[in-house]
Amino acid sequence: MSTRRKFLQSSIIGSAAVLTGEKLLAAKPLTVAAVLNNPIVISTWDFGKAANAGAWEILQKGGRALDAVEAGVRIPEADESNQSIGYGGLPDRDGKVTLDACIMDEFYNCGSVMALEHIMHPISVARMVMEKTPHIILAGDGALQFALANGFKKENLLTAKSEHDWKEWLKTAKYEPVKNIENQLYDKTKDPMPGGIKNHDTIGMLAMDAAGNFGGACTTSGMAYKIHGRVGDSPVIGAGLYVDNEVGGATATGVGEEVIRIVGAHLIVELMRQGLSPEAACKEGVERIIKRNPIKAKEVQVGFLAMNKKGEFGAYCLQKGFTYAVRSNQEEKIYTAPSIY
Ligand code: SD4
């Protein structure tokens with residue numbers, strides 16, 4: 001790219017970053033609106049649609065991306081029918097629901113909670129860690145004590161359905177965490193997951209607000225029937241989520257161990273910084289996982305989702321079946337990510 005073009009692009013994006021949504025529409029020349037597709041919110045899986053709707057209420061009023069992503073992911077956190085996030089999430093092998101979440105704003109501020117029990121909205125605790133403490137991560141009982149001290153209510157997150165499913169699993173599972181297979185790869189005859197439940201489906205959400213600023217959130221109950229204390233990629237800044245307001249953001253879903261090894265979300269943001277499109281960057285991320293262990297990669301699912309500062313988005317996954325939801329002024333749509341296998 002010529003230096004002149006680079007300068008023009010960055011000055012267009014730079015000026016948009018200080019405009020509000022209304023001013024943005026009024027801005028002349030219209031190159032700003034043509035370059036930036038904002039506000040926009042994207043999130044993992046089909047249930048991202050309902051979560052995006054929550055985020056959109058804030059974004060369409062010119063609200064901040066950080067507020068939007070927090071409000072958005074609180075929706076599946078409170079949805080008991082979603083057995084992989086928040087309330088109603090499948091427990092670990094001891095029957096305990098332990099939640100992982102993190103959040104990141106446009107200033108590299110971030111907050112995270114790991115293996116948090118009894119709190120319906122771990123994302124809001126993560127935000128409080130970010131805003132009210134000098135720390136980034138609180139884990140386990142410390143995270144719970146912090147939440148309780150800050151007005152969060154202690155609740156039983158294990159619903160009758162998830163308890164029932166866990167007990168069914170215990171009958172045949174030999175007290176081992178389940179193999180990490182989901183969607184169409186899941187084979188009930190080999191892996192006794194009750195009722196064909198998917199093993200894991202985190203929500204990762206990225207938003208760019210009307211001012212052109214990014215925010216991201218990621219929240220999950222993690223891998224079903226995991227060993228007590230296991231933490232996945234979702235609350236690990238740089239693995240399950242990363243936001244760099246100069247470049248964009250990325251998030252991950254799937255087998256967290258694979259994502260942590262390659263520091264997935266940060267890798268994808270850096271690849272976008274080097275000029276890759278969001279989809280190409282996500283593809284490079286999944287290829288990195290394959291390179292490490294081509295045999296294992298065939299058995300697990302990992303999906304990456306990313307968006308750049310122009311509001312271009314894309315995703316890629318290992319196995320077929322990873323979907324993501326988009327909400328902008330142009331569309332409200334669920335896309336299926338391309339896959340390697
Ligand atoms: C984890 N990455 O705990 C999460 C689970 C997940 O789609 O994303 N499932 O490993």
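1. Focus: the sheet that holds strand β12 (residues 332–336)
By definition, the strands of a sheet pair up through backbone hydrogen bonds, in either a parallel or an antiparallel sense. Spatial strand order, β4-β3-β2-β6-β5-β1-β11-β12: eight strands in an open sheet with mixed pairing. Two strands bound the open sheet, and with one partner strand each, they are β4 (137–139) and β12. Neighbour to neighbour, the strand axes of the sheet diverge by 10 degrees on average, direction disregarded. Pairing geometry for strand β11 (residues 323–328) and β12, over five bridges, is antiparallel. Paired with A325 across the strands is I334, a residue of β12. Sitting on the sheet, helix α4 (residues 48–59) is in contact with β1 (40–44), β5 (203–208), β11 and β12, with an inclination near 155 degrees to β1. Across the sheet, helix α7 (residues 140–149) lies against β3 (110–116) and β4, angled at about 105 degrees from β4, the strand it touches most.

2. A word on the site of the ligand
Inspection of the region around the ligand gives twelve residues, with T202, R230, D233, T253 and G254 positioned closest. Contact distances for the ligand include 3.1 Å between an oxygen atom and a backbone N or O atom of D201. Take T202: an N or O atom from its side chain is 2.5 Å from an oxygen atom of the ligand. Of the residues contributing to the shell around the ligand, the split by class is one nonpolar, eight polar and three charged.

3. Re α4
Look at α4: 15 Å from first C-alpha to last across twelve residues, which is about the 16 Å you get at 1.5 Å a residue. Along α4, the residues classified as buried are G48, A51, N52, G54, A55, W56 and L59. Against β1, α5 (65–78), β5 and β11 lie the buried residues of α4.

4. Description of the pattern of salt bridges
Taken as a whole and assessed by the stated rule, the structure comprises 18 salt bridges. A salt bridge links R127 to E131; the shortest N-O distance between them is 3.0 Å. On the criterion of helical spacing, the pair formed by R127 and E131 is a turn pair, its members being four residues apart in helix α6 (residues 122–132). According to the relative accessible area criterion, R127 is buried, its value standing at 11%. E131 sits in the partly exposed class, given a relative accessible area of 47%. As a salt-bridge pair, R327 and E332 come within 3.6 Å of each other at their nearest N and O atoms. E332 gets classed as partly exposed once you look at its relative accessible area, which sits at 43%. Several salt bridges share partner residues, and in doing so they unite D67, E70, R127 and E131 into one network.

5. Here's the deal with the sheet that holds strand β7 (residues 241–244)
Spatial ordering of the open sheet is given by β7-β8-β9-β10, a layout of four strands whose pairing is antiparallel. The open sheet has two edge strands with one neighbour each: β7 and β10 (313–317). Neighbour to neighbour, the strand axes of the sheet diverge by 10 degrees on average, direction disregarded. Two elements, β7 and strand β8 (residues 248–254), share four bridges in a ladder whose sense is antiparallel. Bridge pairing in β8 links L241 to T251. Running over the sheet, helix α10 (residues 264–273) touches β7, β8 and β9 (302–308) and is turned about 145 degrees from β8.

Calculation notes
Residues numbered from 1 in each chain as written. Predicted model: local features only at pLDDT ≥ 70, side-chain atom pairs only at ≥ 80, totals over all residues. Heavy atoms only, no water. Pairing = 2+ DSSP bridges. Helix = DSSP H or I, 4+ residues; strand = E, 2+ residues; numbered from the N terminus. Axes fitted to C-alpha atoms, helices over the stretch in contact; angles between N-to-C directions. Contact = heavy atoms within 4.5 Å. Near = heavy atom within 4 Å. Polar contact = N/O pair within 3.5 Å; in protein donor to acceptor, adjacent residues only side chain to side chain. Nonpolar A, V, L, I, M, F, W, Y, C, P; charged D, E, K, R; others polar. Expected span 1.5 Å × (residues − 1). Buried < 20%, exposed > 50% of the residue type's maximum accessible area, 1.4 Å probe, protein only. Salt bridge = Lys/Arg side-chain N within 4 Å of Asp/Glu carboxyl O.

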